[in-house]
Amino acid sequence: MRGTRPSAGAAALTRGPRGAQDVGELKPGAVACDLQRGTSNMSFEELLELQSQVGTKTYKQLVAANSTKKQGSRPPVQSACVADKHRPLEMSAKIQVPFLRQVVPICKKVARDPRFDDLSGEYNPEVFDKTYQFLDDIRAKEKELVKKQLKKHRAGAEHEKLQQLLQRMEQQEMAQQERKRQQELHLVLKQERRAQAQQGHRPYFLKKSEQRQLALAEKFKELRRRRKLESFLSRKRRRNAGKDKRHLPLSKE
């Protein structure tokens, strides 16, 4: 069988400077230089032969140093995707450019409702009533003025408008009084829970159904004091009778 012809790197390693030295007598620096020059042109079989002659550890170190040197010698590749912030805007040709587009940003005016904005703070009914308490006197004067105008106009469209306005003002007044009663009831319950906590007892929090029952009892007391409880109950009965009548089956004639 024919033997493989050694390459230039293998020949450089097998022969010494004067032709009398073998691989074991070569210095590591000379072996490294010869290996770095010749490994690129050597076949896999010749590389295995060199590994068996030099040693696995030394061979790996020299190959690693050679690959690091090759990587370091490569010129750095510049990224082609680097964008300049001063370049003009590039629009895609695949998307149709709109006829009207925003070139200069415009500050849009946003309407702010102070009732639902966090910048106005949290709503506290007690503080609100104390701050705008002067409105009660203004409403009372307006109510007296409407009553005087109603006496002047006994009939006609103006009379109906004034009557509706007076009724709406009375309903607003009743709703405000009901809200004040609810606030007073919550304040009393809060004071009772605080007193129980100071005495060392566990405070009891009423359910919503119990709170509604207490509010209804206070409402009945106020109506009894004003002698309007019977009229309120009669309207309540008529309203409930009308609801019950809607749920009854239709009579067949």
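Nothing here was measured: the structure is a model prediction, and the numbers come from that model.

**Student:** I'm lost on the layout of surface pockets in this one. Help?
**Tutor:** A probe as big as a water molecule, rolled over the atoms, marks out the empty space that is left. Quantified by volume, the largest pocket comes out at close to 470 Å³. The wall of the largest pocket is formed by 15 residues, among which M174, L223, R226, K228 and R235 lie closest to the centre. Elements represented by at least two residues in the lining of the largest pocket include exactly helix 7 (157-198), helix 8 (208-225) and helix 9 (229-247). Looking at which element gives the most residues to the lining of the largest pocket, the answer is helix 7, with six residues. Counted by class, the lining of the largest pocket contains three nonpolar, two polar and ten charged residues.

**Student:** Would you take a moment to explain the nonpolar core for this structure?
**Tutor:** Proteins that are soluble and globular tend to have nonpolar side chains buried together. Formed by V146, L150, L162, L166 and M169, the largest nonpolar core amounts to five residues. Of all the secondary structure elements, the ones that give two or more residues to this core are helix 6 (134-152) and helix 7. Element by element, the count of residues in this core is highest for helix 7, at three residues. Not counting residues within four places of it along the chain, the set of residues in contact with V146 comprises L162, L165, L166 and M169.

**Student:** Looking at this structure, I do not really get the confidence of the model for the protein chain. What am I missing?
**Tutor:** The predicted structure's coordinates, where accompanied by low pLDDT, should not be read in detail. With 76% of its residues at a pLDDT of at least 70, the protein chain reaches an overall mean of 76. Confidence, read as mean pLDDT per element, is least for helix 1 (residues 8-14) in the protein chain (45) and greatest for helix 6 (91). Within the model, the stretch residues 1-29 combines pLDDT values under 50 with 25 contacts to residues more than four positions away or in other chains.

Scoring rules and cut-offs
- Residues numbered from 1 in each chain as written.
- Predicted model: local features only at pLDDT ≥ 70, side-chain atom pairs only at ≥ 80, totals over all residues.
- Heavy atoms only, no water.
- 1 Å grid on protein atoms, 1.4 Å probe; cavity = no way out; pocket = protein on both sides within 12 Å on 5 of 7 lines; lining within 4 Å.
- Points joined across faces, edges and corners; volume = space filled by probe spheres on them.
- Helix = DSSP H or I, 4+ residues; strand = E, 2+ residues; numbered from the N terminus.
- Nonpolar A, V, L, I, M, F, W, Y, C, P; charged D, E, K, R; others polar.
- Core = buried A, V, L, I, M, F, W, Y, C linked by side-chain atoms within 4.5 Å.
- Buried < 20%, exposed > 50% of the residue type's maximum accessible area, 1.4 Å probe, protein only.
- Contact = heavy atoms within 4.5 Å.
- pLDDT = per-residue confidence, 0-100.

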